[in-house]
Each structure stands twice: as structure tokens, then as C-alpha cells.
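Coordinate analysis (summary)
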Amino acid sequence: MIISPDQQWLASGGQGQVTIRRFSDGAVVQVLKGREGADHLVAFSPDSRYLAVAANTSSGSILVGAPTFPAWEPVTLYRVADGRQVQSFQGHNEGAYGLAYSPTGDYLATFGASTDDRTLRLWRVSPHHPFEPFFWLGGGLTLLLVAVGRWIWQRRVPRS
Amino acid sequence: MAQFEYGVAHLSPDGQLIVLTGLALAVRDIADNRQLYRIARDPRVPDFFQV
């Protein structure tokens with residue numbers, strides 16, 4: 001559940017759908033159909049005009065007797081005013097475990113939910129450009145970058 | 001991690017209201033603890049609040 005930055009909306013993600021309410025009185029303004037039976041994460045853009053929705057279809061779901069899902073679960077951006085799907089991109093294997101907008105609204109960060117996809121991905125979400133992966137860090141690449149950075153740092157520190 | 005919430009509180013960005021989730025979703029004014037509205041959970045799907 002999340003309150004939009006302008007306090008106009010209250011969004012809650014549940015199994016199979018996401019509900020957007022008017023925060024002032026709780027009236028439902030949009031019901032967004034998501035992946036049937038999956039849990040959903042939600043995040044408002046900083047200008048409160050868009051809502052990002054990511055399903056979590058991993059086996060760690062709270063569902064009992066959960067259905068079988070396709071391997072890759074998209075992250076979708078909706079316009080709050082009319083519930084229209086603005087853009088969608090291929091997110092993570094078995095969906096996302098974390099979802100957050102950057103403070104400027106230019107990027108969306110997602111974190112994979114499955115044990116096979118523990119990646120953090122950063123997506124450019126400018127409304128003037130289609131969703132595109134900006135970069136992603138896999139576990140192996142992260143370790144490589146840390147190792148290289150440590151090696152460089154050790155070379156820079158004078159030994160006494 | 002699911003979005004199922006129970007016993008969770010969310011503060012509004014201006015810090016004046018609080019959203020509490022439990023048996024129902026309740027929005028309260030922090031200044032005087034006045035309840036603005038309350039929405040029960042959907043008995044069919046406990047993850048939902050009634051539409």
C-alpha cells in the first residue's frame with residue numbers, strides 16, 4: 001500500500017489486482033487487473049501521475065496452491081487518471097520483490113524475486129521514451145565490480 | 001514479499017494523516033485521532049479491501 005506524493009491517491013496491490021482509491025474519502029477510482037493469483041507491488045511516480053505495478057510470482061508467494069506462471073513477469077506503468085496502460089517492459093524472472101521510483105521520476109528500480117534472478121535493474125521511465133533497460137547488475141557482475149574496485153583502491157593507498 | 005499488509009501503518013506525505021491496516025483499512029487524523037473513513041477487508045479475498 002502506498003500514498004501518492006500529492007496525497008490524492010491510495011494504491012494497494014493484492015492478489016490479481018491493484019486498487020487505486022481517492023485518499024480523501026477512500027472511493028475507488030481505478031481497479032487494475034494484474035496477473036491472476038499473483039501478489040503485486042506498487043509505486044507512484046513523484047508527480048503522482050503514474051503508478052508502476054510489478055507482480056511477484058515467485059514460489060515465495062503467500063498463495064496456497066498458486067498457479068503456474070510464465071517465467072518472465074513484466075512491470076507495467078499505468079496512468080492514474082484513467083487507468084490506461086502507458087508502457088510495459090519485461091521485468092524479472094518470476095516477477096519483482098522490490099519496486100521504487102527515483103526521486104526525479106526518471107528511473108524505476110526493480111529487484112528480482114526468484115532465486116534465479118537476484119538482479120537489481122534500473123529502467124529509464126521518461127514519458128517521452130519507451131521503457132528501456134538502463135543497466136542491470138547480476139550477482140557475478142557485482143562481485144567483479146567490487147573486486148576490481150577494491151584492487152584499484154588498494155593500489156592507490158600508499159603502504160607504510 | 002507480498003503486498004499483504006496486516007498491522008502496518010503508513011504516514012501521509014504531509015505527516016497529518018495515518019493509514020492503518022488490520023481487520024480493516026482506517027485513515028485517521030493524527031492531530032485529534034479522528035477517523036476519516038474505514039474500509040473492511042473483502043471476506044472472499046483477505047488481501048483486498050472492499051470495493
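What counts and how
As a convention, each chain's residues are numbered from 1 in the sequence order in which they are written. Labels are handed out in written order, letters beginning with A for the chains and numbers beginning with 1 for the ligands. The model is predicted, so local features are restricted to residues of pLDDT at least 70 and side-chain atom pairs to those at 80 or more, both for listing and for counting; the totals for chains, interfaces and linings are taken over all residues. Secondary structure elements follow DSSP: runs of H or I of four or more residues count as helices, runs of E of two or more count as strands, with numbering from the N terminus. Counting other C-beta atoms within 10 Å of a residue's C-beta gives its exposure: the residue is buried at 20 or more, exposed at 12 or fewer, and partly exposed in between, where C-beta atoms are placed from the backbone. Two residues qualify as being in contact provided that their C-beta atoms, derived from the backbone, are within 7 Å of each other. Here pLDDT means the predictor's own confidence in every residue, given as a number from 0 to 100. Paired strands, as defined in this entry, are two strands with at least two bridges between them according to DSSP. Every axis corresponds to a line fitted to the C-alpha atoms, with the helix fit spanning only the stretch in contact, and the corresponding angles, defined between N-to-C directions, vary from 0 to 180 degrees.

This brings us to the overall build of chain B. Broken down by element type, chain B carries 0 helices and 4 strands. For chain B, the sequential pattern of α-helices and β-strands runs β-β-β-β. Burial statistics for chain B: of 51 residues in total, 12% are counted as buried. Expressed as a percentage of contacts within chain B between residues at least 6 apart in sequence, the contacts between residues at least 24 apart total 4%.

This paragraph deals with the confidence of the model for chain B. Atomic detail in the predicted coordinates should be set aside for any region of low pLDDT. When pLDDT is averaged along chain B, the result is 87, and 88% of the positions lie at 70 or above. Across the predicted assembly, pTM comes out at 0.75 and ipTM at 0.86.

Once that is clear, we can look at the sheet that holds strand 8 (residues 85–93) of chain A. Backbone-to-backbone hydrogen bonds pair the strands of a sheet. The strands run either parallel or antiparallel. Residues and elements named next belong to chain A. With antiparallel pairing, 4 strands are arranged side by side in an open sheet as 5-6-7-8. Edge positions in the sheet fall to strand 5 (39–44) and strand 8, since each has one partner strand and no second. Neighbouring strand axes in the sheet, compared pairwise and without regard to direction, differ in orientation by 25 degrees on average.

Here the focus is the environment of E36(A). Relative to the elements of secondary structure, E36(A) occurs in the loop between strand 4 (28–33) and strand 5. For the pair E36(A) and R124(A), spaced 88 residues apart in sequence, the C-alpha to C-alpha distance is 27 Å.

A few words now on the confidence of the model for chain A. Across chain A, the average pLDDT comes to 78, with 69% of residues at 70 or higher. At the low end of the mean pLDDT range in chain A sits strand 12 (residues 132–137) of chain A, at 55; at the high end sits strand 1 (residues 2–3) of chain A, at 95.

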